[in-house]
Amino acid sequence: MKSLWMRLFVFFCLMIAPLHVYAADIKDVRLWTAPDHTRVVFDLNHHIDYEVFSLHSPERVVIDIKKTRMLHQPTALNLPDPVVKSLRYGIPKKGVLRVVLDVKEKVGMRSFLLKPMHNKPYRLVVDLLREQAKAGKKSVKVAKQKAAHEIVIAVDAGHGGEDPGAIGYNGLKEKDVTLHVARKLAAIINSKPGMRAVLIRKGDYFVPLKQRVRLVRKAHADLMISIHADAVRTRTVKGASVYTLAERGVTADKVAVALAAKENAADAIGGVMPEARVDDPMVRNILGDMAKRDSLNSSQLLAESVLVQMKKVGTIKYNAPKRARFVVLGALEIPSVLVELDFISNPKQERKLKSAKHQQRLATALFKASQNFFRRMGMLFMEHSATKANAS
Ligand SMILES: [Zn+2]
C-alpha cells in the first residue's frame, strides 16, 4: 500500500515538474509604431516576474522574464520600425528568458502588465519612448501654429493598435474603418481654404483617451469629431448614431450609457498604465463647471447637423443625438461629437464600411455637417466658388 502511494507521489511530482520550470508562456508578440513611441506587447498565459533595462553601445533594451518560454517565433513583426531594428531572445542563465530589442537610438522606457480582459490574455507592454521625436515635435508645433481666422478641426479615429474596437462578422475591425474615414475627412478639410484638419491618430497604434483630449486641446481645434462604428449581437441592426457629452447628474439614456462604458473601456484594452487609466465610467473631472454649458449647446447643434448629413448617405439609428459621459469628449471647450458610423456587426453594413467609396461618402457627410455647423455659428465665410471647385 505504502509503495503504491509512493509511486503515485513520484508520478505526480514528475507530472508537475515541467510546470515549475516554466511559469508562463509567451504566445504572441506584437509591435505598434506611434509617432512618438513604439509599443511592444507580449501575450502571456500567466502573470510574470520581469525586469526591463537598457544596455549601450550598441543601444539595446533588455527584458528579462523569469521562468518563461517563448512559444512564438516573432518573425511576423513589422520590422524594421523607426525605433526597433530587431528582436532576439535567449536564455542567459537558468530560469531567465532574455528578450533583446536592438534599437536605433537611445530611448526612454515604460513597461507594465495588463490583466486578462475582453478576450485579451495577460499582457506585458513595453513602450520605447523616442527622445528625438519629442525634440523634433517642438519645431513642428511652432511651424504649425494656428493662423488667424483659420478653422482647425480635430478628427479622432477611434481605437487603434492593441484595441481593435468592434469587430465585424467578416472580421473588419472598427479601428481600420475609423482611420480610413478619418484620413478621408482630413483630406477634404485640408483641401478647403481657411480650414485645417488635425488627425488625433495617424496610424495603427493606440492613443489613450485622455491623451486624445490633450492632443485636441494642444491643436487649438475649433471642433472635434470622434469617429467610431458600433456592434451588437443582433446582426440586422443598422444605422448611424451621434453622441455628445452628458452633464454630470443628468440621467442619460440607457443605450448611450452602455455605449459610453464600451467606448471608455478602450484604455484598458489598448493598454494604459494602470494608474493612468480612467476607472470611473462616470469620469470625474470631465466637466469643470457650468461655464462650459455653451459648448454643450453647440455640441448639440453640431450633432444635429451630423445626423442631417448621415441621413443622406445611409440610415440613422436614432432621430436625435444622445448624451452620455464619454471620456474622449472631454475637450469640452469646443463643440465635440462622437459619431457611430454604422453597425459593423451587420454583415451588409460591414461590407459598406469596408468600401472606399462609402468611406468617402461618410467623410463628405461629416465635412458638410461641420461646414454647415460653422455657417450656422457664423464662423465660416467661405467663397462658394472655391468650395465648389474643390468639391469635385
Ligand atoms: Zn468605438
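Since this is a predicted model, take the numbers as computed values, not measurements. (Residues numbered from 1 in each chain as written. Predicted model: local features only at pLDDT ≥ 70, side-chain atom pairs only at ≥ 80, totals over all residues. Heavy atoms only, no water.)

Here we take up unusual backbone geometry. Looking along the chain, the bond that leaves serine 57 and enters proline 58 is cis, with omega of -5 degrees. Assignment of secondary structure puts proline 58 in the loop between β3 (50-55) and β4 (60-66). One non-glycine residue with positive phi stands out, namely histidine 118, at about 45 degrees. The phi dihedral of asparagine 119 falls on the positive side, at around 65 degrees, and the residue is not glycine. (Helix = DSSP H or I, 4+ residues; strand = E, 2+ residues; numbered from the N terminus.)

A complete count under the given rule lists 16 salt bridges for this structure. The closest approach of N and O atoms between aspartate 102 and arginine 88, which form a salt bridge, is 2.9 Å. Note that aspartate 102 is positioned in strand β7 (residues 96-103) and arginine 88 in strand β6 (residues 84-90), a separation of 14 residues in sequence. Notably, a salt bridge pairs lysine 175 with aspartate 204, separated by 3.1 Å at the nearest N-O pair. Residue lysine 175 is found in helix α3 (residues 174-190), and its partner aspartate 204 is found in the loop between β11 (195-199) and α4 (209-218); the two are separated by 29 residues along the sequence. Overall, the relative accessible area of 5% leaves lysine 175 in the buried class. Judged by its relative accessible area of 31%, aspartate 204 is partly exposed. (Salt bridge = Lys/Arg side-chain N within 4 Å of Asp/Glu carboxyl O. Buried < 20%, exposed > 50% of the residue type's maximum accessible area, 1.4 Å probe, protein only.)

Once that is clear, we can look at empty space enclosed by the protein. For the structure shown, the criterion picks out two cavities of 30 Å³ or more. Quantified by volume, the largest cavity comes out at close to 80 Å³. Residue lining of the largest cavity: 15 residues in total, with Leu209, His228, Glu263, Ala266 and Val328 positioned closest to the centre. Of all elements in the fold, only α4, β12 (223-230) and α5 (254-264) reach the threshold of two or more residues within the lining of the largest cavity. Of the residues assigned to the lining of the largest cavity, the class counts are seven nonpolar, five polar and three charged. (1 Å grid on protein atoms, 1.4 Å probe; cavity = no way out; pocket = protein on both sides within 12 Å on 5 of 7 lines; lining within 4 Å. Points joined across faces, edges and corners; volume = space filled by probe spheres on them. Nonpolar A, V, L, I, M, F, W, Y, C, P; charged D, E, K, R; others polar.)

What follows covers the layout of surface pockets. Of the volumes computed, that of the second largest pocket is approximately 610 Å³. Every residue lining the second largest pocket is counted, 25 residues in all, and those nearest its centre are Pro164, Gly165, Ala166, Ile167 and Ile269. Contributions of two or more residues to the lining of the second largest pocket are made by β1 (24-33), α3, β12 and α5. Each residue belonging to the lining of the second largest pocket can be placed in one class, and the counts come to nine nonpolar, six polar and 10 charged.

This next bit is on the coordination of the zinc ion. Only His159 (NE2), Glu174 (OE), His228 (ND1), Glu263 (OE) and Glu263 (OE) from the protein reach the zinc ion as donors, at distances of 2.0 to 2.4 Å. Mapped onto the polypeptide sequence, the residues donating to the zinc ion form the spacing pattern H-x14-E-x53-H-x34-E. Highlighted residues: histidine 159 in the loop between β10 (151-157) and α3 and histidine 228 in strand β12, separated in sequence by 69 residues. Residue histidine 159 shares its accessibility class with histidine 228, and that shared class is buried. (Donors = N, O, S within 2.8 Å, 3.2 Å for Na, K, Ca; no water.)

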